[in-house]
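# A structural walkthrough
Given next are the chains, with one letter for each unit.
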Amino acid sequence: PTCDCAIFPHSRDFFSNLLGGFNWDVSYQHSKAKVNGSSADVRTDRFAAATDAVLDASGNIVCRPTLSSDPDVRARYAECSPLNMFGLGGASNEALDYVTGYAQFEAVTEFDEIEGTLSGDLFDLPAGAISFAVGAGYRESTLDLTSNGDPRFPIDTTGLRNLAEGSLPFAVLNLSTANGSVEVKELFGEVVLPILDESSIAGMLELNGAARQTDYSTSGNVTTWKVGGMWEPVDGLRFRATRSRDIRAPNLYDQFNNGTELQSVFSDPLLDESYVVDRVVQGNKNLEPESSDSYTAGVVFEPNAVPGLMFSIDYYDISVEDAIQSPGINTIARVCEESNGASSFCDLVIRNPDDNRATRIIDSPINIAELQTSGVDIEVGYAKNIGPGVFSSRLFATYVDKFELQDTPFGTPTNFAGWTEGDLSSAGAVVPRVRANLLVNYSTDRWTLSAQERMVGRLKRGPINEWAEDDLPAVFYTDLTVAFRPVIGDDELEVFLTVNNLFDKNPPKVATGPSPGLHLSTITEVYDVVGRQVVGGVRFNF
């Protein structure tokens, strides 16, 4: 038997004709990712048992729980090895192995999406056809995070006399679980309007607009949009501008984290002293999407007198409202104190009624911060045929004029642009005022040689703390790539070698906090902390 399967390609033409000649597309996507992690830690119950060393009836040093009258306790700690914390010779390997465990987790995320679009030209204007695209989509994201140190389930302290009831499995990291899903429904549309063409005395003018209606199962409906335009008064000179309303939805962990408990140093404004408290980091199911207003305007210049040269400069101004941020335990306590106990933040600080010291502080992400940033992006490119190949170069540079964060409605905005302190999870971000990237490339049919120079601009110390230290100088990194494309029959093959941070530039040494020894010696989110990296490989098509 045979089948004339040509009917299937014709089906797309049938639907296109049915829809008036417009283009259509339907897609479905499924993905699943699994991440496993493990970190060596101290088992609190075993540590308590091993350090409670006593003499048995025969004069042997044993763990006291092994002598318990409760058979369940004796069985639970039967393998306990006494831990010598101070004696000659130190702790035995057996005792160290016994008290050491592994805080482990497994995170499984799944994503399903189906989307359909319809696009084409509506009708002609004097300058050209009005083009459009409309569509609808549905997606679902799911997170299932399991852990052997879930803070919601304290360990059984029966038979242990030096471990408080409610203690957690591990001394340092007790990672929360997280379980939840979000469904998203969307309708969207976009249109391009050619107002004037190149033959107009005023030059070419084009306007565009787009809108999207999004319904989140956790936070409801939001509307985003943009309007923009491009004007080319003369050949090779273009002006462009965009105004948009955008959002960023909270991620699944922000919303469904069941709670991780960590020990943190706390500066108590009520008692005017510092001590260690339990910081509980947990999700917030009431989070709403962040919203922002963005303005961009720029010019692109491609002079006919210098073929291959391109220059562009763009100004941006972005204001983010209701930004998602965990305030931090010190901010929570400060806001509570400044409000004389009237703030809802006070409910997050749990104090011991006997001495009024804080024992636990809940630190959850909330829609509380505001961010304003502005700056200039510059791009310069040039390409030219030289000898048997093509030489090309491209420079990207950015200048950040302002990166101003207000971490609470009661705080004062702080501009972190060009300073060394701050991170987005607590109070700001490390944002160099100047960054640049220069790429130079020469390529023939068989060879390609590329060099890249990355620059991180100078950073000043501060602005939160005052430092009697010099500014950090600008840092440069050099990357080099060589590729060869041999002729092997009809196959396309490329052999390449890349060296990142060619000269093995070390990051500047800088204390990142006011407590020496408790912080990293450089700023990992800005500088290269890996050093020279060599990557080689083969690329081919088959």
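Residues numbered from 1 in each chain as written. Predicted model: local features only at pLDDT ≥ 70, side-chain atom pairs only at ≥ 80, totals over all residues. Heavy atoms only, no water.

## Quick word on unusual backbone geometry
Note: most residues except glycine have negative phi, and most peptide bonds are trans. Formally: Only DSSP runs of H or I reaching four residues or more are called helices, and only runs of E reaching two or more are called strands; each is numbered from the N terminus. Summary of the burial criterion: residues with accessible area below 20% of their type's maximum are buried, those above 50% are exposed, and those between are partly exposed, where the area comes from a 1.4 Å probe applied to protein chains only.
Cis geometry marks the peptide bond from G462 to P463; its omega dihedral reads 5 degrees. Positive phi, close to 60 degrees, is recorded for N340, a residue that is not glycine. By the secondary structure assignment, N340 is in the loop between α6 (329–338) and β14 (349–351). The class of N340 is exposed, set by a relative accessible area of 73%. One non-glycine residue, D504, lies in positive phi territory at about 55 degrees. The topology assignment puts D504 in the loop between β22 (493–500) and β23 (533–540). Given a relative accessible area of 33%, D504 falls into the partly exposed group.

## Remarks on the environment of S292
The line we're drawing: Note on contacts: a residue pair qualifies if any of its non-hydrogen atoms lie within 4.5 Å across the two residues.
Examined against the element boundaries, S292 turns out to sit in strand β12 (residues 290–301). Looking at S292, the relative accessible area reads 11%, which means it is buried. In the structure, S292 is positioned 180 residues away from D112 in sequence and 27 Å away in space, judged by C-alpha atoms. The residues contacting S292, other than those within four sequence positions of it, are S244, R245, D246, I318, S319 and V320.

## Here's the deal with the sheet that holds strand β10 (residues 260–268)
Note the following rule: Two strands qualify as a pair provided DSSP detects at least 2 bridges between them. Here an axis means a line fitted to C-alpha atoms, over the contact stretch when the element is a helix, while the angle between two N-to-C directions is reported on a 0 to 180 degree scale.
Strand order in this open sheet of 4 strands is β10-β11-β15-β14, and the pairing throughout is mixed. Looking at strand neighbours, the two that pair on one side only are β10 and β14, the edges of this open sheet. In this sheet, adjacent strand axes meet at a mean angle of 30 degrees when their direction is disregarded. Two strands pair when backbone bridges link them, and β14 and strand β15 (residues 358–363) are joined in this way by 3 bridges, in the antiparallel orientation. Looking across to β15, one finds that R351 is bridged to A358. Set on the sheet, α6 makes contact with β10, β11 (273–281), β14 and β15; between it and β10 the angle comes to about 50 degrees.

## Overview of the packing of aromatic side chains
What counts, and what does not: Only centres within 6.5 Å qualify two rings of Phe, Tyr or Trp (six-membered ring in Trp) as a pair; their planes then separate them into stacked at under 30 degrees, edge-to-face at over 60, and tilted for everything else. For a lysine, the NZ atom is tested; for an arginine, the CZ atom; a charge sits over a ring if that atom is within 6 Å of the ring centre and within 35 degrees of the ring normal.
For the structure shown, the criterion picks out 4 aromatic pairs. Between the aromatic rings of F266 and Y275, the centroid separation amounts to 5.7 Å while the plane-to-plane angle is 90 degrees, which identifies the pairing as edge-to-face. Look at F266 and you get buried, because its relative accessible area is 0%. Both rings, one in W447 and one in F484, keep their centres 4.6 Å apart while their planes meet at 35 degrees; by these two values the pair is tilted. With a gap of 37 residues between them, W447 in strand β20 (residues 447–456) and F484 in strand β21 (residues 475–484) connect regions that are remote in the sequence. On the accessibility criterion, W447 (47% relative accessible area) is partly exposed. Residue class for F484 comes out partly exposed when judged on its relative accessible area of 29%. Lying over the aromatic face of Y275, R357 brings its terminal NZ or CZ to 3.9 Å of the ring centre.

## A look at the layout of surface pockets
We apply this condition: Here a cavity means grid points, on a 1 Å grid over the protein atoms only, where a 1.4 Å probe fits yet cannot get out; a pocket means an open set of points with protein on both sides within 12 Å along at least five of seven lines; lining residues are those with an atom within 4 Å of a point. Grid points are joined across faces, edges and corners, and a volume is the space filled by probe spheres set on the points. Each residue is assigned to one of three groups, with Ala, Val, Leu, Ile, Met, Phe, Trp, Tyr, Cys and Pro labelled nonpolar, Asp, Glu, Lys and Arg labelled charged, and all others, Gly among them, labelled polar.
In this model, the second largest pocket occupies a volume close to 320 Å³. Lining the second largest pocket are 17 residues, with S167, L168, E261, Q263 and D278 positioned closest to its centre. The leading source of residues in the lining of the second largest pocket is β10, at 3 residues. A class-by-class count of the residues in the lining of the second largest pocket yields 9 nonpolar, 5 polar and 3 charged.

## Thoughts on a negative patch on the surface
Test applied: Patch members must show over 30% relative accessible area and no salt bridge, and they are joined within 9 Å when carrying like charges or within 5 Å when they are nonpolar side chains of Val, Leu, Ile, Met, Phe, Trp or Tyr. For the accessible areas, the method is Shrake-Rupley and the probe is 1.4 Å, while residue cover comes only from the protein chains on display. Salt bridge, as used here, is a side-chain nitrogen of Lys or Arg placed within 4 Å of a carboxyl oxygen of Asp or Glu. This count recognises Lys and Arg as positive and Asp and Glu as negative, with His and chain-terminal groups excluded. Here the site of a charge means atom NZ of a Lys, CZ of an Arg, CG of an Asp or CD of a Glu.
Judged by side-chain charge, E288, E321, D322 and E370 come together as a negatively charged surface patch. Looking at the secondary structure, you find E288 in the loop between β11 and β12.

## Description of the environment of N221
Mapped onto the elements of the fold, N221 is located in strand β8 (residues 220–234). In this structure N221 comes out as exposed when scored by relative accessible area, which is 53%. In this structure, the C-alpha to C-alpha distance between N221 and E525, residues 304 residues apart in sequence, is 34 Å. With residues near it in sequence (within four places) discarded, N221 still touches Q213, T214 and D215.

## What about helix α2 (residues 44–51)?
Those residues of α2 that fall on the buried side of the exposure criterion are T44, D45, A48, A49 and A50. In this structure, the buried residues of α2 make contact with β1 (23–42), β2 (53–55), β3 (61–63) and α4 (93–99).

## As for the state of the cysteines
The criterion, for reference: By definition, disulfides here are pairs of cysteine sulfur atoms that lie within 2.5 Å.
Scanning the model with the defined rule gives 2 disulfides in all. At a sulfur-sulfur separation of 2.1 Å, the disulfide partner of C63 is C80. For the disulfide bridge between C63 and C80, the dihedral angle about the S-S bond is near -75 degrees, and by the sign convention the bridge is left-handed. With a gap of 17 residues between them, C63 in strand β3 and C80 in the loop between α3 (71–76) and α4 connect regions that are remote in the sequence. Given a relative accessible area of 1%, C63 falls into the buried group. Residue C336 pairs covalently with C346 via a disulfide, S to S 2.1 Å. Judged by the torsion about the S-S bond (110 degrees), the C336/C346 disulfide is right-handed. Of this pair, C336 sits in helix α6 while C346 is found in the loop between α6 and β14, placing the two residues 10 residues apart along the sequence.

## A word on the pattern of salt bridges
Under the defined criterion, the tally for this structure stands at 22 salt bridges. One salt bridge in this structure joins R152 and D150, with 2.9 Å as the shortest N-O distance. With a relative accessible area of 8%, D150 lands in the buried category. The residue E290 makes a salt bridge to R248 at a minimum N-O spacing of 3.2 Å. Here E290, found in strand β12, pairs with R248, found in strand β9 (residues 237–248); they are 42 residues apart in sequence, far enough to count as distant.

## Here we look at the nonpolar core
Stated formally: Residues belong to a common nonpolar core when they are buried Ala, Val, Leu, Ile, Met, Phe, Trp, Tyr or Cys residues joined through side-chain atoms within 4.5 Å.
In this structure, F266, V277, A358, I361, V400 and F403 are the most contacted members of the largest nonpolar core, which totals 24 residues. Breaking this core down by element, the ones donating at least two residues are β11, β13 (309–325), α6, β15, β16 (366–386) and β17 (389–406). If we skip the residues at most four places from it in the chain, F266 touches E273, S274, Y275, V277, I329, N330, A333, A358 and I361. Listed in part, the 14 residues of the second largest apolar core include C63, V73, A95 and Y98.

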